[in-house]
Amino acid sequence: KLGQIQALEVLAATYSGFNSQGNQITALEQSLDLTRSLLPSNGLPERPGLAGLYFGVLDLLGSAYADAGQVTKADLMFKELEEKLGLLTKARVRLYAVQHFGGELSIGQARVLELKSKRGEAKDLLLGLLAGKAGEVRFNRGAVLEQLARLERGGGDALASAGYYEQAVAAFSQQRDP
């Protein structure tokens, strides 16, 4: 099943590159179904590797739904991600999952809030992440700044958007050239 899941995720990435949202979403939905079938009866991953697989596909599918304007479905994916992160009890799995997916969860939730015309809440969430209010959560600074730039662009503030894009480019450059 792991090979099938990986193949579906690669296929989804290919569809994304060719702007075929419907096919991308279908491949990710199939990947999520297969991933869920690997989970124990309580629906919670028991190992970091399985947590990465499960939470990763929830994040990818939530983002794909958001990109397609399917707000309700995107919201459901990020709510499931948030709920399951909160229910993890094995310390090693919880630490891994929260560190690696807490930031992605905040970015996804901000995207959903934006699509629900709640730009203020989305901006507060992203600025809180940048300010360290999420604790030990790891996140890609450039991705957060890029989401802030998109948020401001969507709200019609070209100057603020340009400033965030500039900061995002600098953050991505620092990641590439340490």
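Refer to the preceding data block for the structure.
Because the structure is predicted, anything quoted here is derived from the model rather than measured.

The rules behind each value
Residues numbered from 1 in each chain as written. Predicted model: local features only at pLDDT ≥ 70, side-chain atom pairs only at ≥ 80, totals over all residues. Heavy atoms only, no water. Phe/Tyr/Trp six-rings, centres within 6.5 Å; stacked < 30°, edge-to-face > 60°. Buried < 20%, exposed > 50% of the residue type's maximum accessible area, 1.4 Å probe, protein only. Helix = DSSP H or I, 4+ residues; strand = E, 2+ residues; numbered from the N terminus. Expected span 1.5 Å × (residues − 1). Axes fitted to C-alpha atoms, helices over the stretch in contact; angles between N-to-C directions. Parallel < 35°, antiparallel > 145°, perpendicular 65-115°, else oblique. Left-handed = near helix turned anticlockwise from the far one by under 90°. Contact = heavy atoms within 4.5 Å. Nonpolar A, V, L, I, M, F, W, Y, C, P; charged D, E, K, R; others polar. 1 Å grid on protein atoms, 1.4 Å probe; cavity = no way out; pocket = protein on both sides within 12 Å on 5 of 7 lines; lining within 4 Å. Points joined across faces, edges and corners; volume = space filled by probe spheres on them. Core = buried A, V, L, I, M, F, W, Y, C linked by side-chain atoms within 4.5 Å.

Another point: the packing of aromatic side chains. Tallied over the entire structure, the rule returns 2 aromatic pairs. With 5.1 Å between their ring centres and 45° between their planes, tyrosine 54 and phenylalanine 55 make a pair best called tilted. Phenylalanine 55 matches tyrosine 54 in its accessibility class, with the two residues each being buried. Relative to phenylalanine 101, the ring of phenylalanine 55 lies with its centre 6.0 Å away and its plane at 50°, an arrangement referred to as tilted. Of the two residues, phenylalanine 55 is situated in helix H3 (residues 48-67) and phenylalanine 101 in helix H5 (residues 91-115); the sequence distance between them amounts to 46 residues.

Let's shift gears to H3. Under the 1.5 Å per step criterion, the end-to-end length of H3 is 28 Å for 20 residues, consistent within 8% with the ideal 28 Å. Taken across its 20 residues, H3 has 16 buried, putting it largely inside the fold. Glycine 69 occupies a position one or two residues after H3 and carries a positive phi of about 80°.

The next subject is the packing of helix H4 (residues 71-87) against H5. Interaxial distance between H4 and H5 falls to 9 Å at its minimum, and their mutual angle equals 155°. The orientation of H4 relative to H5 falls into the category roughly antiparallel. Between H4 and H5 the crossing geometry is left-handed. Packed against H4, whose contacting residues are Val71, Ala74, Asp75, Phe78, Leu81, Glu82, Leu85 and Gly86, the element H5 presents Arg94, Ala97, Val98, Phe101, Glu104, Leu105, Gly108, Gln109, Val112 and Leu115 at the interface. Classifying every residue of the contact of H4 with H5 by side-chain character gives 11 nonpolar, 3 polar and 4 charged.

Right, let's talk about the layout of surface pockets for a bit. The calculated volume of the second largest pocket comes to roughly 170 Å³. Along its surface, the second largest pocket is lined by Glu82, Leu85, Gly86, Arg94, Val98, Gly102, Leu105, Ser106, Gln109, Leu125, Ala134 and Val137. Contributions of two or more residues to the lining of the second largest pocket are made by H4 and H5. Among the elements that line the lining of the second largest pocket, the one with the most residues is H5, at 6 residues. Taken together, the residues of the lining of the second largest pocket break down into 6 nonpolar, 4 polar and 2 charged.

To continue, consider the packing of H3 against H5. Close contact between H3 and H5 brings their axes to 10 Å; oriented N to C, the two are set at 5°. Between H3 and H5, the angle is such that the two are roughly parallel. The segment H3 lies against H5, with Pro48, Ala51, Gly52, Phe55, Gly56, Asp59, Ala66 and Asp67 engaging Arg92, Val93, Tyr96, Ala97, Phe101, Glu104, Arg111 and Leu115. Looking at the contact of H3 with H5 residue by residue, the class counts come to 9 nonpolar, 2 polar and 5 charged.

So, on to the nonpolar core. Counting 32 residues, the largest nonpolar core has Leu32, Phe55, Leu58, Leu61, Leu81, Leu85 and Leu88 as its most contacted members. If you list the elements that add at least two residues to this core, you get helix H1 (2-17), helix H2 (21-38), H3, H4 and H5. If we skip the residues at most four places from it in the chain, leucine 81 touches Phe55, Leu58, Phe101 and Leu105.

Relative to the assigned elements, leucine 130 resides in helix H6 (residues 119-130). Separated by 14 residues in sequence, leucine 130 and valine 144 have C-alpha atoms that sit 7.5 Å apart. With residues near it in sequence (within four places) discarded, leucine 130 still touches Phe139, Arg141, Val144, Leu145 and Leu148.

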